[in-house]
Amino acid sequence: GVLLGLAARIEEPAQANSLAAKLLALTMPGVPDVYQGSELWETSLVDPDNRRPVDFEHRAAVLAGTAEDDAATKLHVTCSALTLRRERPELFTGYTPVTATGSAAGHVVAYDRGGAITVVTRLPVGLAAAGGWGDTVLDLPDGRWHDVLTGLDTDGGLADLLGVHPVALLRKD
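With that settled, consider the packing of helix 1 (residues 2-27) against helix 3 (residues 72-87). At their nearest, the axes of helix 1 and helix 3 sit 10 Å apart, and the two run at 15 degrees to each other. Judged on the interaxial angle alone, helix 3 and helix 1 are roughly parallel. Viewed along their axes, helix 1 and helix 3 form a crossing whose handedness is right-handed. Contacts from Ser-18, Leu-19, Lys-22, Leu-23, Leu-26 and Thr-27 in helix 1 reach Thr-73, Lys-74, Val-77, Thr-78, Ala-81, Leu-82 and Arg-85 in helix 3. For the contact of helix 1 with helix 3, the residue count by class is six nonpolar, four polar and three charged.

Here is the structure:
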């Protein structure tokens, strides 16, 4: 009872934090560090390692849309970020912080790698308690920006940009 209640209460913010950590790790300067099999929710109480068996067929089916998994979003984020890095390495050559303005500016971390902008929710429980993103806007560099995770264009308004997922990966069009 008590543990199930706690698990239910922290599930959504835990998933937001997991997606944020994954996208940050995959897009920050340096070589992305990934554990084989950690593309879905990782709930073990020890560090994962690359010796565990991995159900690659299930992951391929989830990516293809022919299998259901509640962690499909994490797999999508992982695949999208790694694909963008592979196909457009020139978008990942620098590092410039992207600031935000508005009532919830302290709840976002964003940076531009040179044409690819990572946007992640920070402290999601406090953000929800404060009423959400409200008027908070990213101070995006000039140009048209497209979220590769959702397919949506953005003007930097976080309520819309992070309305589908608590993270975004923007590419300049």
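Before going further, it helps to examine the pairing of strand 4 (residues 116-121). Counting buried residues in strand 4 gives six out of six residues, a clear majority hidden from the surface. Every second residue of strand 4 is oriented toward a common face, with Ala-116, Thr-118 and Val-120 on one face and Ile-117, Val-119 and Thr-121 on the other, all of them buried. Bridge count between strand 3 (residues 108-112) and strand 4: five bridges; the pairing is antiparallel. Considered in strand 4, the bridge of Val-109 is made with Val-120.

So, how was this worked out
- Residues numbered from 1 in each chain as written.
- Predicted model: local features only at pLDDT ≥ 70, side-chain atom pairs only at ≥ 80, totals over all residues.
- Heavy atoms only, no water.
- Axes fitted to C-alpha atoms, helices over the stretch in contact; angles between N-to-C directions.
- Helix = DSSP H or I, 4+ residues; strand = E, 2+ residues; numbered from the N terminus.
- Parallel < 35°, antiparallel > 145°, perpendicular 65-115°, else oblique.
- Left-handed = near helix turned anticlockwise from the far one by under 90°.
- Contact = heavy atoms within 4.5 Å.
- Nonpolar A, V, L, I, M, F, W, Y, C, P; charged D, E, K, R; others polar.
- Buried < 20%, exposed > 50% of the residue type's maximum accessible area, 1.4 Å probe, protein only.
- Pairing = 2+ DSSP bridges.

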